[in-house]
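Each chain, letter by letter, is given below.
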Amino acid sequence: MSDVPRVIEIERLAYPSTWPPSAYRKELQDNRWAHYIVLRDKQITEERSVVPQQEAEKPRKNRLFPLSLLPSRPTITVPAPELASIIGFAGLWLMVDEAHVTTIAMHPDYRRLGLGEFMLVSLIDIAYNIGAKWVTLEVRVSNYTAQNLYRKYGFREAGLRHRYYSDNQEDALIMWTDEINSPSYKQKFQDLKARLMQKLEAQ
């Protein structure tokens, strides 16, 4: 719950339309099928204790790791440096045997570094852990960058939701993976994940 203010801040930077804070609180408190994660840059936490805030929040392109994914349901109050260290978040719902990705958002300063892909991989890992058979999501028809990432991970177009986005009435593509427990999908996913982790650790 204590991560919500920073999540809202990042969402406002990432998207033209956002959820209200109450929606996230309701998700965390009342929706037992919801799973949310935050991505933290631990170096920000360390540096904020010795440098001014405006310097600490600059992206560290040469030393992104160590990074960690932490559940967004902490049992203790998170101090301010921990909030500042959140650079992205993502979530999904389990609907019977389908993992429906609800959101993926990165702070603009940390884009094009493979971290959005890292969060997608983490959501697919969650889908495996909670017993989902497929992963699905909606994406703007104009967001070719995201679409290419999803296709890389085996998502295919399966339909269209007309006027899905409230800010500009843009349509959304509906995309689905194949059955994620199939040997072919599992192998492809593990290969992609391994290559991504090598890339991130080298940065």
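Residues numbered from 1 in each chain as written. Predicted model: local features only at pLDDT ≥ 70, side-chain atom pairs only at ≥ 80, totals over all residues. Heavy atoms only, no water.

**Q** I keep staring at the environment of Gly114 and nothing clicks. Help me out?
**A** In this fold, Gly114 is placed in the loop between strand S4 (98-106) and helix H6 (115-129). Relative accessible area serves as the criterion here: at 11%, Gly114 is assigned to the buried category. C-alpha separation for the pair Gly114 and Lys199, spaced 85 residues apart in sequence, amounts to 8.1 Å. In this structure Gly114 touches Leu196, Lys199 and Leu200, once residues within four positions along its chain are discounted. (Helix = DSSP H or I, 4+ residues; strand = E, 2+ residues; numbered from the N terminus. Buried < 20%, exposed > 50% of the residue type's maximum accessible area, 1.4 Å probe, protein only. Contact = heavy atoms within 4.5 Å.)

**Q** Explain the packing of aromatic side chains here, please?
**A** Centre distance and the angle of the planes are the two values used to describe a pair of aromatic rings. All chains considered together, the criterion is met by eight aromatic pairs. Seen from their ring centres, Trp19 and Tyr24 are 5.0 Å apart, and the 40° between their planes marks the pair as tilted. One aromatic cluster in this structure is built from Trp19, Tyr24, Tyr36 and Phe89. Positioned over the ring face of Tyr165 is Arg140, at 4.1 Å from the centre of the ring. (Phe/Tyr/Trp six-rings, centres within 6.5 Å; stacked < 30°, edge-to-face > 60°. Lys NZ or Arg CZ within 6 Å of the ring centre and 35° of its normal.)

**Q** I'm lost on the pattern of salt bridges in this one. Help?
**A** Think of it this way: side chains of opposite charge can pair up when their charged atoms draw near. Here the structure, examined in full by the defined rule, presents 10 salt bridges. Residue Arg40 pairs with Asp3 through a salt bridge whose shortest N-O separation is 3.3 Å. Remark: Asp3 occurs in the segment before helix H1 (4-14) and Arg40 occurs in strand S1 (residues 34-41); sequence separation between them is 37 residues. Each of the two residues, Arg40 as well as Asp3, counts as buried. (Salt bridge = Lys/Arg side-chain N within 4 Å of Asp/Glu carboxyl O.)

**Q** How should the side chain of Thr177 be read in this particular structure?
**A** Its location among the elements puts Thr177 in the loop between strand S7 (172-176) and helix H8 (183-202). According to the relative accessible area criterion, Thr177 is buried, its value standing at 4%. The residues touching Thr177, leaving out its near neighbours within four places in the chain, are Trp134, Val135, Tyr153, Gly154, Phe155 and Tyr185.

**Q** What is the right way to look at unusual backbone geometry in this model?
**A** Positive phi values are uncommon outside glycine, yet Arg163 reaches one of about 55°. Residue position: Arg163 is located in the loop between strand S6 (156-161) and S7. Residue Arg163 is classed as exposed on the basis of its relative accessible area, which comes to 57%. A positive phi angle, near 60°, is found at Gln169, a position not held by glycine. Of the residues examined, Gln169 reaches a relative accessible area of 37% and is grouped as partly exposed.

**Q** Help me out: how do you make sense of the nonpolar core in this one?
**A** General note: in soluble globular proteins, nonpolar side chains tend to be found buried as a group. Judged by nonpolar contacts, the single largest core of 41 residues is most densely connected at Tyr150, Tyr153 and Phe155. Here Phe155 is in contact with Leu120, Ile124, Val135, Thr136, Leu137, Tyr150, Met175, Trp176 and Thr177, once residues within four sequence places are set aside. In this structure, Val4, Tyr36, Val38 and Ala105 belong to the second largest nonpolar core, which totals 13 residues. (Core = buried A, V, L, I, M, F, W, Y, C linked by side-chain atoms within 4.5 Å.)

**Q** Please explain the packing of H6 against H8 as it appears in this structure.
**A** The geometry of a pair of packed helices is captured by two quantities: the angle between their axes and the separation between those axes. It is the contact of H6 with H8, at a shortest axis distance of 11 Å, that shows an interaxial angle of 140°. By the angle between their axes, H6 is oblique relative to H8. Pair H6 / H8 crosses with left-handed handedness. Within the contact between the two elements, H6 uses Leu115, Glu117, Phe118, Val121, Ile124, Asp125 and Tyr128 and H8 uses Tyr185, Lys186, Phe189, Lys193, Leu196, Met197 and Leu200. Its residues placed into classes, the contact of H6 with H8 shows 10 nonpolar, no polar and four charged. (Axes fitted to C-alpha atoms, helices over the stretch in contact; angles between N-to-C directions. Parallel < 35°, antiparallel > 145°, perpendicular 65-115°, else oblique. Left-handed = near helix turned anticlockwise from the far one by under 90°. Nonpolar A, V, L, I, M, F, W, Y, C, P; charged D, E, K, R; others polar.)

Interpretation in functional terms is not warranted from these geometric data alone.
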